[in-house]
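So you can see what is in the structure, the chains are spelled out below.
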Amino acid sequence: LFTAVEMAPRDPILGLNDQFAADTNPSKVNLGVGVYFDDNGKLPLLQCVQAAEKAMMDKPTPRGYLPIDGIAAYDNGVKALVFGADSDVVKSGRVSTVQAIGGTGGLKIGADFLKKLNPNAKVMISNPSWENHRAIFQNAGFEVVNYAYYDAATRSIDFAGMLADLNAAPAGTVVVLHACCHNPTGYDITAAQWDQVIEVVKAKNLVAFLDMAYQGFGHGIAEDGAVIGKFVAAGLNIFVSTSFSKSFSLYGERVGALSVVANDKEEAARVLSQLKIVIRTNYSNPPTHGGAVVAAVLNNPELRAQWEAELGEMRVRIKAMRQKLVDGLKAAGVTQDMSFITTQIGMFSYSGLSKEQMIRLRSEFGVYGTDTGRMCVAALNSKNIEHVCKSIAAVI
Ligand code: PLP
Ligand code: TYF
């Protein structure tokens, strides 16, 4: 049965983790995978999460099946977070939200639903994008093509190219957009540029699929979510995937969601019924724990305030590390202007280093980033920054 089965390639990012684990260099630093570590290099377990879990332990609940679309209080919490609790779109019942297995699960549910809806549509992703975007939509049966995004020569976004590619897309094309904190480049378009993208999406009848895996890591929870409000204000039917992996540091719990904006309440109910079919035929219903924790935090004013403070700390620490990186590189003798690192936002920096330089960083200095030059600045800390700066300076 399996004699003709080929060995599939490893995930380029998760594969780096294995290589890192096997490295015996005592000064090794993992800037490969997109995970936030605190200044002690530890994966945080947020206080708000611990408090919610303690309350759950004090009042143990049996684990029946959840509804197909997940915990109602969770889905409502996501709607309020992403669209605003008092927004017309939520109050009028136009948003269908389902709990998903991480942001990846939200993307996959949306992809499967879209394939049924519009089987001949193409999907466009940014060049470059999170590589799993391509894989998820291809596996759902779509042809996936790129729209222009990063221009290596100018170390900025090729916005004219992006608009031109969207303008040339056939009606019905699904456009996957990073709502904030673009992975892998760290470059986001401006609010004014978002307005132009929305204009094209509307004029050309494209379908916007906003991937929001880093809400709160850019400028703030509401600030990062503002782009969603712009699409809604334009009267568009959009898809939004949400991930709490990073913002709650709950990577392994797989907590995410998919929200779809319909024209009215009745249409939203029909959409929800179809999302539930996708879920039922894939994994039946979501797991309980992570969703219960996030729902408890989002819906309790005290825990919610604690979460916002903790997320704020992560955001501020990343920004401080960006500045330290720029300063440290200069101190280590790098003469070229590296200030673009502080223009970038979120967990990643596209360093502009070549594949050869990234390989040298790994083999000679134990500093791990992706071959494309992406580094996770959220894994830098006061102890490893000097080694990272000296190592980068050595390969430049
Ligand atoms: N989308 C982007 C852009 C990401 O970087 C990630 C990262 O993990 C995801 C989606 C998936 O998130 P999750 O781990 O919650 O599935
Ligand atoms: O880009 C990253 O590093 C994160 C983590 O298949 C990740 O989004 C990477 C690869 C993958 C799943 C998650």
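Residues numbered from 1 in each chain as written. Chains lettered and ligands numbered in written order. Predicted model: local features only at pLDDT ≥ 70, side-chain atom pairs only at ≥ 80, totals over all residues.

A.B. asks: Just to check I follow, could you spell out the overall build of the protein chain for this structure?
C.D. replies: Looking only at helices and strands, the protein chain has 15 helices and 13 strands in total. On C-alpha atoms alone, the protein chain measures out to a radius of gyration of 21 Å, which is about the 21 Å that the 2.2 N^0.38 rule sets for 396 residues. With respect to the principal axes defined by its C-alpha atoms, the protein chain has extents near 65 × 55 × 55 Å. Every one of the 396 residues in the protein chain was classed for burial, and the buried ones make up 45%. Considering only intrachain contacts with a sequence separation of at least 6, the fraction spanning at least 24 residues in the protein chain is 75%. (Helix = DSSP H or I, 4+ residues; strand = E, 2+ residues; numbered from the N terminus. Rg over C-alpha atoms; globule rule 2.2 N^0.38 Å. Buried ≥ 20, exposed ≤ 12 C-beta atoms within 10 Å, placed from the backbone. Contact = placed C-beta atoms within 7 Å.)

A.B. asks: Sorry if this is basic, but what is going on with the site of ligand 1 here?
C.D. replies: By nearness alone, every residue bordering ligand 1 is listed as G34, G102, G103, T104, W130, H178, N183, D211, A213, S243, S245 and G256. Sort the elements by how many residues they give to the shell around ligand 1 and helix α5 (residues 102–117) lands first, with 3 residues. Residues that form the shell around ligand 1 fall into these classes: 2 nonpolar, 9 polar and 1 charged. (Near = placed C-beta within 6 Å. Nonpolar A, V, L, I, M, F, W, Y, C, P; charged D, E, K, R; others polar.)

A.B. asks: Can you walk me through unusual backbone geometry in this structure?
C.D. replies: Excluding glycine, residues mostly carry a negative phi; peptide bonds, for their part, are mostly trans. Here the amide bond leading from N127 into P128 is cis, since omega sits at 5°, within 30 degrees of zero. Structurally, P128 is set in the loop between β3 (122–127) and α6 (131–139). A cis amide bond, omega 20°, links N183 with the succeeding residue P184. On the secondary structure map, P184 appears in the loop between β7 (174–178) and α8 (191–203). A positive phi is found at R155, a non-glycine position, where the angle reads about 50°. One can find R155 in the loop between β5 (150–151) and β6 (156–157). Taking the number of C-beta atoms within 10 Å as the measure of exposure, R155 has 16 and is therefore partly exposed. Positive phi is not limited to glycine here, since S284 has a value of about 75°. Here S284 is to be found in the loop between α10 (265–280) and α11 (289–299).

A.B. asks: Please explain the site of ligand 2 as it appears in this structure.
C.D. replies: In the vicinity of ligand 2, the residues found are D11, I13, L14, V33, G34, W130, N132 and N183. Here the shell around ligand 2 is built from residues that sort into 4 nonpolar, 3 polar and 1 charged. The two domains that each donate at least three residues to the shell around ligand 2 are domain 1 (12–45 + 311–395) and domain 2 (65–299). (Domains from an automatic or database assignment.)

A.B. asks: What's the story with the sheet that holds β3 in this structure? I'm lost.
C.D. replies: Strand pairing in a sheet takes place through backbone hydrogen bonds and is either antiparallel or parallel in direction. The strand order across the open sheet built from 7 strands is β2-β10-β9-β8-β7-β3-β4, with neighbouring strands paired in mixed fashion. Here the strands that pair on one side only, and so sit at the sheet edges, are β2 (95–101) and β4 (143–148). Averaged over all adjacent pairs, the angle separating strand axes in this sheet is 25°, with direction ignored. In terms of strand pairing, strand β8 (residues 207–212) meets strand β9 (residues 239–243) through 4 bridges, oriented parallel. In the strand pairing of β9, L210 is matched with V240. Across the face of the sheet, helix α7 (residues 159–167) comes into contact with β4 and β7 while running at roughly 140° to β4. (Pairing = 2+ DSSP bridges. Axes fitted to C-alpha atoms, helices over the stretch in contact; angles between N-to-C directions.)

A.B. asks: Which parts of the structure should I look at to understand the environment of V297?
C.D. replies: Mapping V297 onto the fold places it in helix α11. Classification of V297 as buried rests on a count of 24 C-beta atoms within 10 Å. Sequence separation between V297 and W307 is 10 residues, and the spatial gap between their C-alpha atoms is 7.3 Å. For V297, the contacting residues outside a window of four places in its chain are C48, V49, A52, L303, R304 and W307.

A.B. asks: What should I look at first to understand the packing of helix α14 (residues 355–365) against helix α15 (residues 385–395) in this one?
C.D. replies: Running from N to C, α14 and α15 cross one another at 130°; their axes reach a closest spacing of 10 Å. As judged from the angle between their axes, α14 and α15 are oblique. Where α14 crosses over α15, the two elements pack in a sense that is right-handed. Residues Q357, R360, L361 and F365 of α14 pack against S391, I392 and V395 of α15. Partitioning the contact of α14 with α15 into residue classes produces 4 nonpolar, 2 polar and 1 charged. (Parallel < 35°, antiparallel > 145°, perpendicular 65-115°, else oblique. Left-handed = near helix turned anticlockwise from the far one by under 90°.)

A.B. asks: Please clarify how the packing of α8 against helix α9 (residues 221–233) should be interpreted in this entry.
C.D. replies: A pair of packed helices is characterised by two quantities: the angle between their axes and the separation of those axes. Where α8 contacts α9, the two axes come as close as 10 Å, and the packing angle between them is 35°. Between α8 and α9 lies a crossing of right-handed hand. When α8 is examined against α9, the residues W194, D195 and I198 are found in contact with a partner set consisting of V227, K230 and F231. Split into classes, the residues belonging to the contact of α8 with α9 amount to 4 nonpolar, no polar and 2 charged.

A.B. asks: Please explain the environment of Q19 as it appears in this structure.
C.D. replies: Counting through the fold element by element, Q19 comes out in helix α1 (residues 12–22). Taking C-alpha positions, Q19 is 10.0 Å from N30, a pair spaced 11 residues apart along the chain.

A.B. asks: Would you mind showing me how to read the pairing of β4 here?
C.D. replies: Both faces of the sheet carry side chains from a regular strand, because those side chains alternate between them. The pairing of β3 with β4 spans 6 bridges and is parallel. Its bridge partner being in β4, V123 is matched across the sheet by V144. Handedness of the β3-α6-β4 crossover: right-handed. (Right-handed = clockwise from strand over helix to strand, strands pointing away.)

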